Structure formats: structure tokens, C-alpha cells
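Each chain, letter by letter, is given below.
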Amino acid sequence: MITQKHIAWAVGLAALLLLPLLIRMIFPGTDRYYLHLVIQILIWAFIYTGWSMMGRFGLTSLGHGAFTGIGAYVTVMLWNFAGITPWIGIPVAMLVATIAGVLVGYPCFRMRITGHYFALLTLAFTEFIRLCIIGMRDWTGGSLGTQPARYGDGLSLYAFQFEPNRVLAYYIVLAVWLIGLIIWVKVDRSMDRYALDAASQDEDAAASVGINVTREKLKITALSSAMCAFGGAIYGQYQMYIGPDTIAGLGVSLNIVFAVIAGGIWSLFGPTFGAVFTQVLAETLRVGLRGSETLSKLLGQSALALDTFIYGLLLVLFIIYMPKGVIGTLGERWKRR
Amino acid sequence: MLGLFSSLDCSLDVFFVEALLNGVLLAGLLALLALGLNLIFGVIDVVWICYAELVMIGMYAIFYFVQVAGIPLPLSFLLAIGLVACAGTILHYLVIRPVLDQPPINQLLVTGGVLFLLQAAATMAFGIEFRNLGIRLGSVNIGDMSFAWSRIITFAVALGAMILLWQFLTRTYIGTAIRAISQDRQIMPLMGVDQKKIYLATSAIGGGLAGLAACLMVLQYDIYPQIGLQFGPLTFMICVLGGLGNMVGGFVAAFIIAQFITIGGSCVATEWGYAVAFLFFMLVIFVRPQGLFGAKS
């Protein structure tokens, strides 16, 4: 049976497929810039969705900046120094991130480290990975970051490089983002979701009805860390630059957590909305400031920090007044009607 | 990885002893940083993720008072301590109080929003350049070893502040009330203690300690908007390692972590000192989640 929901999905998907054409028609000449913005949003939306897999079950990890970092760096290091194609490098990176996630997760879940302690422990993990990346500066370029070696003209199936062709890049990240949504729905409909929901509310009660809490949490951690590593690798392949502060580290972790909370942690499109919201906010302010002479005269170069300022302010307001996020709150209103 | 450790030249020589003693001096500062955070966690049960950013605000305030307003240094220090104490109170009143009923993790994240806010505000006001007061206190030489005066002063003041705080907590009415409320949150309002007032007073003291740390840090570090990201994670790690809320535990943990950083830093490279400290921290917490000196909950 075809319901309203199916029609909405079909229309939405068609619109997304035609988006590059649409952008070219509306913004002739600057379509590359707008496509770039949309690609950024989709990559981060996928990473945010990956984080929300854990976050929605009360596992507030500040460690996902480490997983995106591992994804990006392992892929690029294997390509630059061993000549291994990202087609093998990305799965290896995902495997490394998964193992790291399980190694950190297993003791945490066994020892029942939750809440503050879990957040601060994963924060330490992020810092550890970032410091390792900086420490191995002979390979990783230290704090300055590094670039994947360009293969030919930068457009290659073998090297999985697609940056010069923005339309192609758009379709690749669109597919990645859709896969992220499908995984989210699959998890949402699985028995594991109910087990994890129960465990997040009362671990003892969940264990008493026969749920293996540690195993369920490990499963979702493995999935979440692999997704974030994949997102990090795609980010590196598209940006053609990776740095310890742009794709790894505490800043990235906090960005992930906050964007998801702003968008809505318990809804399918919450993380995506968070990505749209944060990226568009940052870009509008950047472009707006450059355009307006009074503001740029008033603030000078440091005007670049204005978006972070507003972002931080909004986050505080969101958590105080709208802890379910924009999408979550809107959805609730919708249902209540 | 192999090339990494080939430069390892640690032996029990004078440099090792120098690193060891410098570690002790660094530990004083770290213990002071952890003290404020522990006090706030013990009493209000909230982690201020933005604690190191309050220190950063204090450092910029001192810079502004001295370089722009031309206020003498000692007075600037006092003003900065007062300012950060006010900032702590405002933070509690405007940000923490509305979320006290929300899940603990939201309380932690809301102060993360403040972290971004303060960092951006500092960038807008002072730019991203490294600033410093240009104070050179020289150093003292003992044999072949040399220790910066700024570090020795920092250590002494931090130690003094800790003893003063301890006296305050044990000798005064409000101090006793603070300790009592950290032991039993439910019963204290029944005993006639105004919980809201105690929370505000604790936030002010916690802020004041951050201000004091700022005074000591301008003596030896450059000021830049991201300095909080350098010291913040370290401070949380020390607090958790010592047992969140346990002030004595935080003190001991600061010494352990500082030794990792200085000895690791002098043997290999600074990042590896930090990296090993973080790794050690994770391993300890895996075995003892309540921290080295925390009571089992």
C-alpha cells in the first residue's frame, strides 16, 4: 500500500537527486560553492547520525572525534606511504576504529562507567588519539595536517578521489548519507534498540530480564565508531586535506555532540538538521560579515569567531529550553495536534 | 614507531632530577586547577567543562588591566580574581540553575556551550595572537639544574591557597555547610541551610580559584583563546583520576600526572608525555572507575 509517507519519501529523494541541476539553475556561476556547502552538510550529517546511534541510548561519548580522526588518518597514511588504495584503506580504517571503540567500550561497560565518567573518559581517549597523531609528525605532518597524494588529475576510481567533480562528489556523499539513514532505521526497528532503551533507563532491570547489557552496548559502539570512521575517511577524500584539529580532537567531538543535540538526538532527521543548521549558520555569518563593511570594520579579522559565539549561545539556550532539539520538539508538537 | 624511541636517553642524571622537580612544581598548578573543579562537582554535582575557559578569561582580564588600563599588577590580580568569581556566580545563576533537574549529561554539555561562547568572545575581543605580560622573573640555579622563579612562586601560592581553602571549609559556618551539602544533598535543606545560597557561594569560590590560577598562569604561559583546550582536558583527567569531588585525591593525582608530562616530555617529546598520561588515566579508570581515591558508590 502506498501511503502519504511513501509519497513524501519519493518526492524528497527525487528533489535530492535533482538538486545539482536545481542549484545550477538558481545560482549560475557560483554553483560549485553551493554544492560544496551541501556536500559538507551531508558528510557531517552522516557522522552526526553515526554518533547519535550511541548518543540516543544515553552513551554520551566525547570520543567520536577520535574515530573520525582514525578513519581519515589511517586511510590517508595507507595511501601515501604504502600505496594501498582507499578501497582497502577505508575498510581497514573502519576496522581499526571499531577495535579501538571496543577496547575503550568493553571495560567501560563491564565496570558500569556511565554519565560524567563515560563522557570524561572518552574525552581522554580523543585527546590521546590527537596527541598520537601530532606525535607521529614524520608521517602525519603534526599539527599542520597533511594531504592525500593526488593521483593523476585528482579524479580517479582507483584512488577514490573525486574532489574536482563536485556533482559526482555530491552523488557519492548523498549515497553515504542515505546509507546512514537506512542503518538508523534498521537499528530503530531492531530488538537491540529495545534492549538498549531498557538498559539506558535501568541497567539492573534490563539485565534481570535477560538482556546482555555489555554485549548490546558493544554492538552499538562498534557500529557507531565504524560509521564515524567511514565519515572521517570520506571527509579526507573530499577535502583532500586532513588536520588534527579539523577531523580529530576534542573540538570535533564537541561539535558532533552539540550539532546533534541542537537538531534532535532521538529523531531520524535530527542529526541532519543539526548539520544543516550549524553549517548554514557558519557560512551565512562568514559571508554576511565579509559583505557588511560596518561589521568587518568593527570586528576585523576576529569576526570569524562570531559564528562560534552565536553557536555556543544557541547551544546553551537549546539545552535549557529545548533539550529534545528542533526536530524532536517539532515532532512532538505535530503528534499532539 | 621504532625511530620514535631511539632518541630515548633517560638515565638517572641531573636532567632527570630536574624534570622530576619541575614536575612537582607543575603539579602545584594542576592541583589548584583541579581543586576548584572538584569543589564544584562535590557540592553542586555538575562538571564545568568550561572551567579552563574561566581561567583564560581571567588571564585576558589581567592582560587588559595591566597593558591597556595601566593598573598595577597586584591590583590587577585582585580585580581578576574578583571578576572570575563573579563570572562563576553568573555561570551558575544563568546556565546551571535552569538545568539542575535535567539529566547530568545535559548539565555537562550546557557548560560545553559556554566553552564555545567564551572562546569565541576572547577571539573577538583580543584576536588569535599569542599575548603575554612580558614579566621575566628569572630562575634559580642549584648545581646544574635551573628552576624558573615563576614556577616556584606558582607552587607556593597554589599550596597556600589549598591550605586556606581547607581552613575555610573546616573553620567557618558556610564552609561546614558546603562540606555537609556535598555529603547529603537531601537532608541539608531540612537543617535550615539555604541550598541556593550555598550553591552560589561555592560557584563564587570555584570561580575565585580559577581566577587565582589565571594570576599564576600569566606568569609563565602565553595567553591565547585556545589555552583552555590545553589545560581543560588535563584538569578533568586529574579530577576523575583522584575521584570526582575528592579534593585530596585530586591533589595526589595532579602529582602523578605532572610527572608523566615532565619526565615524558624531557625523555621523548612533549606530546608523548601527555599521550602516555592520558593512556595511564584510561587504564586506571578501567580498573578503578571511582578513581584512585574515590569511595565506591
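Notes on the structure in this doc start here. (Residues numbered from 1 in each chain as written. Chains lettered and ligands numbered in written order. Predicted model: local features only at pLDDT ≥ 70, side-chain atom pairs only at ≥ 80, totals over all residues. Heavy atoms only, no water.)

**What about the interface of chain A and chain B?**
Tallying the contact residues gives 46 residues for chain A and 46 residues for chain B. Its salt-bridge partner being Arg137 of chain A, residue Glu271 of chain B comes within 3.2 Å of it at the nearest N-O pair. For the interface between chain A and chain B, the tally reads 2 residue pairs in polar contact (both at pLDDT 80 or more). Elements that contribute at least two residues to the side of chain A that touches chain B include exactly α4 (86-110), α5 (115-135), α6 (137-140), α11 (250-263) and α14 (306-321) of chain A. The element contributing the most residues to the side of chain A that touches chain B is α5 of chain A, with 15 residues. The residue makeup of the side of chain A that touches chain B, split by class, is 36 nonpolar, 8 polar and 2 charged. (Contact = heavy atoms within 4.5 Å. Salt bridge = Lys/Arg side-chain N within 4 Å of Asp/Glu carboxyl O. Polar contact = N/O pair within 3.5 Å; in protein donor to acceptor, adjacent residues only side chain to side chain. Helix = DSSP H or I, 4+ residues; strand = E, 2+ residues; numbered from the N terminus. Nonpolar A, V, L, I, M, F, W, Y, C, P; charged D, E, K, R; others polar.)

**A few points about the pattern of salt bridges**
It is possible for side chains bearing opposite charge to pair when their charged atoms get close. Residue and element names in this part refer to chain A. On inspection of all chains with the given rule, the structure shows 15 salt bridges over all chains. One salt bridge connects Arg193 with Asp197, and the closest N-O pair in it is separated by 3.1 Å. Of this pair, Arg193 and Asp197 both sit in helix α8 (residues 191-201), 4 residues apart, roughly one helical turn. Overall, Asp197 belongs to the partly exposed group, its relative accessible area being 22%. Between Glu203 and Lys217 there is a salt bridge, with its nearest N and O atoms 2.7 Å apart. One end of the pair, Glu203, is in helix α9 (residues 203-208); the other, Lys217, is in helix α10 (residues 213-239), and 14 residues separate them in sequence. Each member of the pair, Glu203 together with Lys217, is buried. Connected through shared salt-bridge partners, Arg56, Asp188, Arg193 and Asp197 make up one network. (Buried < 20%, exposed > 50% of the residue type's maximum accessible area, 1.4 Å probe, protein only.)

**What about the pairing of strand β1 (residues 139-142) of chain B?**
All names here are of chain B. Pairing of β1 with strand β2 (residues 145-148), which is carried by 4 bridges, proceeds in the antiparallel orientation. Considered in β2, the bridge of Val140 is made with Phe147. Counting the residues that bridge the hairpin from β1 to β2 gives 2 residues, and of these Gly143 lies at a positive phi of roughly 60 degrees. (Pairing = 2+ DSSP bridges.)

**Section: the packing of aromatic side chains**
Counting across every chain of the model gives 27 aromatic pairs over all chains. When the ring of Phe46 of chain A is compared with that of Phe230 of chain A, the centres are 5.7 Å apart and the planes differ by 75 degrees; the resulting orientation is edge-to-face. With Phe46 of chain A in helix α2 (residues 31-55) and Phe230 of chain A in helix α10, this pair connects stretches of sequence that are 184 residues apart. Each ring, one from Phe260 of chain B and one from Phe280 of chain B, has its centre 4.7 Å from the other, and the planes form 40 degrees; the classification is tilted. (Phe/Tyr/Trp six-rings, centres within 6.5 Å; stacked < 30°, edge-to-face > 60°.)

Geometry only, nothing functional implied.
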